[in-house]
Amino acid sequence: MEEQRRMPRHVAVILDGNGRWAKEHGVPRKMGHKAGCENLERIVEDAARIGLEYFTVYGFSTENWKRSADEVGALMTLFRYYIERLRKIALANNVRVLSIGDRMKFAPDLVASLNRIEKETKDCTGMTFIMALNYGARDEITRGVRKLAEEIKAGDLQPEDIEESDISSSLDTAGIPDPDLMIRTSGEERISNFLLWQIAYSELYFTDVYWPDFNLDELLRAIDEYERRNRRFGGR
Ligand code: IPE
Ligand code: IPE
Ligand code: MG
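The notes below deal with the structure included here.

Thresholds applied
Along every chain, residues carry numbers that run from 1 in the direction the sequence is written. Each chain gets a letter, beginning with A, and each ligand a number, beginning with 1, in the order they are written. In view of the model being predicted, local features appear only for residues whose pLDDT reaches at least 70, and side-chain atom pairs are presented and counted only at 80 or more, with totals across whole chains, interfaces and linings using the full set of residues. Side-chain measures were taken over the full set of non-hydrogen atoms in the model, leaving aside hydrogen atoms and water. Runs of E in the DSSP output that reach at least two residues are strands. Runs of H or I that reach at least four are helices, and both are numbered from the N terminus. Residue exposure (1.4 Å probe, protein chains only): buried if accessible area is under 20% of the type maximum, exposed if over 50%, otherwise partly exposed. Any two residues whose heavy atoms approach within 4.5 Å are treated as being in contact. Two strands qualify as a pair provided DSSP detects at least 2 bridges between them. Residues are said to line a cavity or pocket when one of their atoms sits within 4 Å of a point; the points come from a 1 Å grid over protein atoms alone, cavities being sets where a 1.4 Å probe fits but cannot get out and pockets being open sets with protein on both sides within 12 Å along at least five of seven lines. Grid points are joined across faces, edges and corners, and a volume is the space filled by probe spheres set on the points. The nonpolar class holds Ala, Val, Leu, Ile, Met, Phe, Trp, Tyr, Cys and Pro. Asp, Glu, Lys and Arg form the charged class, and all remaining residues, Gly among them, are polar. For our purposes a nonpolar core is just a set of buried Ala, Val, Leu, Ile, Met, Phe, Trp, Tyr and Cys residues, chained together by side-chain atoms within 4.5 Å. Note on definitions. A residue lies near a molecule or strand when any single heavy atom of the residue is within 4 Å of it. Between N or O atoms, a polar contact is any pair within 3.5 Å; within protein, one atom must be a potential hydrogen donor and the other a potential acceptor, and residues adjacent in sequence are included only when both atoms are from side chains. The method behind every accessible area is Shrake-Rupley, applied with a 1.4 Å probe, and residues are considered shielded solely by the protein chains displayed. Whether a molecule lies in a cavity or pocket depends on its atoms, and more than half of them have to be within 2 Å of the grid points. Each pair of aromatic rings taken from Phe, Tyr and Trp, with Trp reduced to its six-membered ring, is defined by centres within 6.5 Å and is described as stacked if the planes are under 30 degrees apart, edge-to-face if over 60, and tilted in the remaining cases.

## Some remarks on the environment of L114
Logical step 1: With respect to the helices and strands, the residue L114 is situated in helix α4 (residues 108-120).
Logical step 2: On the basis of relative accessible area, L114 is assigned to the buried category, the value being 1%.
Logical step 3: In this structure the C-alpha to C-alpha distance between L114 and R87, which are 27 residues apart in sequence, comes to 9.4 Å.
Logical step 4: Among residues more than four places away in sequence, those in contact with L114 are I83, S99, R103, F106, M131 and L133.

Here you go:
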């Protein structure tokens, strides 16, 4: 099966390079994260405008707690501020917002903010914007396996009846189509524990541009490249 010259339905981004952007500009790392949040605001609107159906960004990984308390604290302050701004931007642009990852590790007010943005945008019919926060694919799969094990324990599921679709449904991304295109900025070429199950057949695109500079032109460049590739799904 091949698909040619078709706009991706779902684009996922590993946003990286905020720290190096800050260093290049001679400012503290947290200013790089602020510039990254400002860029995210712009790109969400752009992504909705060009007609993406699903747009996912990796904002904070389960491993990112290992950073200094100062940096983690600065990130949490930015999340609080920008999630509120994003709520208004989403409502103005008919964007439905979802979050994936284990949000229970965040402070209660941040959890409340995430619940609120999901609830208020749930009937928006335009693009779906998915924020991966305290997300790690291994953590997501582990939580999913626990859910299936509970179903088996309760007698609602037999081990031999487990299908791939049961695994997909047990993940935070249940009901969301797999990404067609996965982008990573900043020149790093690894997946860093993002959507491991879901990217089985995604096209991968790497760019040297640091996240705060990844603008609409850069997104369109990635989509152009995607449209030029012949997608294969294991067939001829
Ligand atoms: C990405 O930028 C943002 C997060 C992971 C929170 P980095 O902070 O990883 O930037 P670099 O990799 O140090 O440049
Ligand atoms: C990946 O970026 C995580 C996010 C984008 C949130 P990192 O900068 O944390 O990843 P590594 O450490 O380079 O793999
Ligand atoms: Mg990084």
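## Notes on the pairing of strand β6 (residues 203-206)
In summary, the side chains of a regular strand alternate between the two faces of the sheet.
Logical step 1: Only one face of β6 is covered, namely the face carrying E203 and Y205; the face carrying L204 and F206 is uncovered.
Logical step 2: For strand β5 (residues 181-184) and β6, the ladder comprises four bridges, and the chain directions are parallel. Looking at the pairing, R184 lines up with F206 of β6.

## Here's the deal with empty space enclosed by the protein
Logical step 1: Under the defined criterion, the tally for this structure stands at one cavity of 30 Å³ or more.
Logical step 2: In this structure, the largest cavity encloses a volume near 40 Å³.
Logical step 3: Every residue along the wall of the largest cavity is listed here: H10, T56, I100, I130, T173, I176, P177, D178, P179, L195 and Q198.
Logical step 4: Classifying every residue of the lining of the largest cavity by side-chain character gives six nonpolar, four polar and one charged.

## Structural notes on the nonpolar core
One recurring pattern in soluble globular proteins is that nonpolar side chains are buried together.
Logical step 1: Counting residues in hydrophobic clusters, the biggest one holds 39 residues, and the most contacted among them are F55, F129 and I183.
Logical step 2: By residue number, the principal contributor to this core is helix α3 (residues 69-92), which donates seven residues.
Logical step 3: Counting residues in each nonpolar core, the second largest holds 14 residues, with Y54, I100, A137 and I199 among its members.

## Points about the site of ligand 1
Logical step 1: Every residue close to ligand 1 is listed here: L15, D16, G17, N18, G19, R20, R29, H33, G59, N64 and R67.
Logical step 2: A distance of 3.4 Å separates an oxygen atom of ligand 1 from a polar atom in the backbone of G17.
Logical step 3: R20 has a polar side-chain atom sitting 2.7 Å from an oxygen atom of ligand 1.
Logical step 4: Compared with its free state, where it exposes 380 Å², ligand 1 has 88% of that area covered by protein.
Logical step 5: More than half of the atoms belonging to ligand 1 lie within 2 Å of the grid points that define the largest pocket.
Logical step 6: When contributions to the shell around ligand 1 are tallied by element, the ones reaching two or more residues are α1 (18-24) and α2 (29-49).

## A closer look at the layout of surface pockets
Logical step 1: What the largest pocket holds in volume is close to 660 Å³.
Logical step 2: Together, 33 residues line the largest pocket, and L15, Y58, G59, F60 and N64 are the ones closest to its centre.
Logical step 3: The set of elements that each furnish at least two residues to the lining of the largest pocket consists of α1, α2, β2 (54-61), α3 and β4 (128-135).
Logical step 4: With six residues, α2 is the single largest residue contributor to the lining of the largest pocket.
Logical step 5: Of the residues in the lining of the largest pocket, the class split is 16 nonpolar, nine polar and eight charged.

## As for the packing of aromatic side chains
Logical step 1: On inspection of all chains with the given rule, the structure shows eleven aromatic pairs.
Logical step 2: For the pair Y81 and Y82, a centre-to-centre distance of 5.0 Å together with 90° between the ring planes defines the contact as edge-to-face.
Logical step 3: A residue is classified by how much of its surface remains accessible, and Y82, at 10% relative accessible area, is buried.
Logical step 4: Aromatic rings pair up to connect F60, W65, F79 and F106 into one cluster.

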